[in-house]
Amino acid sequence: MQSPPSPHHPSRRHVVRAGAGAAAVLAVGACPAPATAAPPAAPDAPAAPRDAAPDLPLRADTTTQGDVLAGFRKDHVCLLLIHFHAPAKARGWLGKLVPQLSTTEKVTRFNAAFSAARHLRNGVDPAAMSASWVGVSLTYPGLSALAEKDPFPAVLAGSTAEAFREGAAGRAEELGDTGDSAPEAWLFGAGGEEVHAVLTLAADDPKSLGDAVHRHCLALDRVEAEVLFRQDGATLPGALRGHEHFGFLDAISQPGVRGFDAPDPVNGTGVRGKPGSRLVPAGEFVVGQERVGARPAGLPAWATGGSFTVVRRLAQDVAGWWEQAEECLAELKRSGAAPADATAAWLASRMVGRWPGGAPVATCPAAERVPLPGEDIDGLLDFREDLQGWTTPLFSHIRKSNPRAGLTTVPGRPPLAASVLDNRRIIRRGIPFGPPLRPGGGPGGHGGAGARAGSPDDAARGLLFISHQADLVEQFEFIAKRWVNNADFPPARHPLPGADPVIGSGSAATFECPSASGGRATTLTFRRHVRTEGTVYAFTPSLPTLRALAGGRLDTAIEVHPGTVLRPGDVLDAGAARLALESNGDLVLWGRDDRSLWSAGTAGAGAEAHFSADGELSVRTEAGAVSWSSKTAGHPGARLLVRPTGDVVLLQGGTTLWRAAGATPAT
């Protein structure tokens, strides 16, 4: 089950203005088509080991934390939400924690070995293989406290920096967290002491996890850090293993990551072994890597190599959700929209878009089919031939959270290509909490009347939702506001499709099906049965950033990453200096008082500004000709920074290759 990320205003990127070409598509919840750009070199990226595939360099990365791309994938998880009462002491704690953090390279290597051993054992977990993982994320107040300064030199309206600074509680209404899900009722993330850090501990068994929690709590106590909330999660037992509490297999459809996941040899756009999972540029999840359309991140240098992280505690009313499915099924039978022999599981599977075992309704609508061993169950999943939602309803969870190639901006128009939505993907790391409604009950138990008609159960249960993304606004929040909780998505349909019936905030919804006259629409009412009990916006920094922060340093210069393209209207704001590609095509450095500090002199000629992987900044014409250049080509790994000191510099190590400040460029 995916959480929201819910409806928001057309937002700007991390730049002041979105390019005009994006406006029409953004208005209906898509994004501009990607542009071609050279892949960037990851700052501080280590050399790949000899046995690493050269075309998958991210698998050998020892600077990013391992849960972002590789995934901890443990049966037992504990999150400690922490407040620092003594920031100076907390920096000492952080310095000692960094060597214990699990990196992408370490987690990837273990996961690969574990999967290989499991395959040799015909799907049985190798009991002799185990590992414990540690990760840490910091909130805006946490970064500010540890750095003893604002982590952002400027915060632009509509930017992910603004969302991060405001925090999830400040944006709750836009996310659909109202009523019983409002911050006033949260267990964490609103009111009282601020959450400064989220420490993630993961292990294969409860004892190993308990030992780790005890050890880390002692270390926190020594530095006057308070654990405000402890959240445990664990894989459900028995037949529910891998499922969430409603009884459906979870975390099936994850995006592939270019440079981390091997491409499918047939189509090149999917993941090898999982061609139904699209490969998405890594910069949509890790700041500093290639992004869709080569868009600028517009974030400070400390964010490079890290990822924004959303943590949500989502309580699930299992009995109520299934009772609702039975009520709605009765309505569909009365209208003739459902077969007479249909069960509650038949409708529940259409609400989710999958059968309990994970197979999409789109590919096996009549009944559930058990996937073959090693089969990619999403390999043929595509809503292109079901634009009306007659097989998989338009309100279904998997369509509302990822429309794939089945999104039309106007009914009757051709659908958008799946690639157009690549910058709306998130990486999910959810795990259930609490006991099953019926111990040992599988999907069939949840779908049967006996399991739902049992005695009242006050046990807390639900999903601990964690997502990683490079942009809170354009990924997590966009999905939640513009898709999941928006009854008018897909757009321009009458009657409205309705909100997501699994994690949405509740609404009337339209169940469409074919009829003798062409089509029939039956209105259903879905109440909310997933309640938000806490949310935190955090950032999972790279190890170099954490080491610097432990030493009291935080680089707030805005970093322009290799492969980035600036288009007219893009502005990178470092407070005292703003680098902008003006509408007239001139690349200009502006000071705090709106005084021009430097200009490339390309007014009337410039169309795009490029920062190449070999260290050259240039302005190019519509035809691609270079109209101005920093003349610094041949320096791969060079860094381009817009600094709060009021200048723009190109650095390689400690050497300044080029600098723009004052009235003329230093070329």
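1. Thoughts on the pattern of salt bridges
- This structure, assessed with the given rule, holds 37 salt bridges.
- Put simply, Glu375 and Arg369 hold a salt bridge, and the shortest N to O gap is 2.8 Å.
- Overall, the relative accessible area of 35% leaves Arg369 in the partly exposed class.

2. Here's the deal with the packing of aromatic side chains
- Following the criterion strictly, the structure yields 26 aromatic pairs and no others.
- Taking the centre distance of 5.2 Å and the plane angle of 90° together, the rings of Trp302 and Phe539 count as edge-to-face. One end of the pair, Trp302, is in the loop between strand S7 (274-280) and strand S8 (307-316); the other, Phe539, is in strand S14 (residues 530-540), and 237 residues separate them in sequence. Of the two residues examined, Trp302 and Phe539, each falls in the buried class.

3. Looking at the side chain of Gln254
- Among the structural elements, Gln254 can be located in the loop between strand S4 (225-234) and strand S5 (256-257).
- Among the polar contacts listed, one links the side chain of Gln254 to the backbone oxygen of Arg428, at a separation of 2.5 Å.
- Once you skip the residues sitting within four places of it in the chain, Gln254 turns out to touch Ser277, Arg425, Ile426, Ile427, Arg428 and Arg429.

4. Section: helix H7 (residues 206-222)
- Here H7 is 17 residues long and its end C-alpha atoms lie 24 Å apart, about the 24 Å a rise of 1.5 Å per residue gives.
- Within the span of H7, buried status applies to Leu209, Ala212, Val213, His216, Ala219 and Leu220. Buried residues of H7, viewed axially, fall in a sector of 130°; they line one side. Exposed residues on H7 whose side chains face more than 90 degrees from its buried face are Lys207, His214, Asp221 and Arg222.
- Those residues of H7 that are buried lie in contact with strand S1 (76-84), helix H3 (87-97), strand S2 (133-138), strand S3 (197-203) and S4.
- For H7, the side-chain oxygen to backbone nitrogen distance between the N-cap and Lys207 is 3.2 Å, and the N-cap itself is Asp205.
- A positive phi of about 60° marks Glu224, the residue just after H7.

5. Observations regarding the packing of H3 against helix H14 (residues 543-550)
- Two elements in contact, H3 and H14, have axes whose closest approach is 8 Å; the angle formed by their N-to-C orientations is 145°. Along this stretch, H3 crosses H14, giving a crossing that reads as left-handed. Residues Arg91, Leu94 and Gly95 of H3 touch H14, and the partners they reach there are Leu546, Leu549 and Ala550.

6. Here's the deal with the sheet that holds S5
- An order of S5-S7-S6 is seen for the 3 strands of this open sheet, with the pairing classed as mixed. One side of each edge strand has no neighbouring strand; the edge strands of this open sheet are S5 and strand S6 (270-271).
- Here 2 bridges tie S6 to S7, and the two strands are oriented antiparallel to one another. Residue Gly270 lies in a different strand from S7, and its bridge partner there is Arg278.

7. Observations regarding the sheet that holds strand S20 (residues 596-599)
- Spatially, 4 strands are ordered S17-S18-S19-S20 in an open sheet, and the strand pairing comes out antiparallel. On the outer flanks of this sheet lie strand S17 (571-573) and S20, each paired with one strand and no other. Across the sheet, the axes of successive neighbouring strands diverge by a mean angle of 15°, strand direction being ignored.
- Note that strand S19 (residues 587-591) and S20 share 3 bridges and pair antiparallel. Bridging from a neighbouring strand, Leu589 pairs with Trp598 of S20.

8. Quick word on the nonpolar core
- Counting 101 residues, the largest nonpolar core has Trp93, Phe164, Trp321, Trp322, Trp346, Phe511 and Tyr537 as the members making the most contacts within it.
- Apart from residues no more than four positions distant in its own chain, Phe164 is found in contact with Leu138, Thr139, Tyr140, Leu143, Phe152, Phe308, Leu472, Tyr537, Ala538 and Phe539.
- If you look at the next biggest cluster of nonpolar residues, it comprises 32 residues, including Leu81, Val198, Phe285 and Ala538.

9. A word on the confidence of the model for the protein chain
- With 89% of its residues at a pLDDT of 70 or more, the protein chain has an overall mean of 90.
- Confidence over residues 4-51 falls short of pLDDT 50; this stretch has 130 contacts with residues more than four positions distant or in other chains.
- Taken together, the stretch residues 440-455 has pLDDT below 50 and engages in 32 contacts with residues farther than four places along the chain or on a different chain.

The rules behind the values
- Residues numbered from 1 in each chain as written.
- Predicted model: local features only at pLDDT ≥ 70, side-chain atom pairs only at ≥ 80, totals over all residues.
- Heavy atoms only, no water.
- Salt bridge = Lys/Arg side-chain N within 4 Å of Asp/Glu carboxyl O.
- Buried < 20%, exposed > 50% of the residue type's maximum accessible area, 1.4 Å probe, protein only.
- Phe/Tyr/Trp six-rings, centres within 6.5 Å; stacked < 30°, edge-to-face > 60°.
- Helix = DSSP H or I, 4+ residues; strand = E, 2+ residues; numbered from the N terminus.
- Polar contact = N/O pair within 3.5 Å; in protein donor to acceptor, adjacent residues only side chain to side chain.
- Contact = heavy atoms within 4.5 Å.
- Expected span 1.5 Å × (residues − 1).
- Arc of directions from axis to C-beta.
- Axes fitted to C-alpha atoms, helices over the stretch in contact; angles between N-to-C directions.
- Left-handed = near helix turned anticlockwise from the far one by under 90°.
- Pairing = 2+ DSSP bridges.
- Core = buried A, V, L, I, M, F, W, Y, C linked by side-chain atoms within 4.5 Å.
- pLDDT = per-residue confidence, 0-100.

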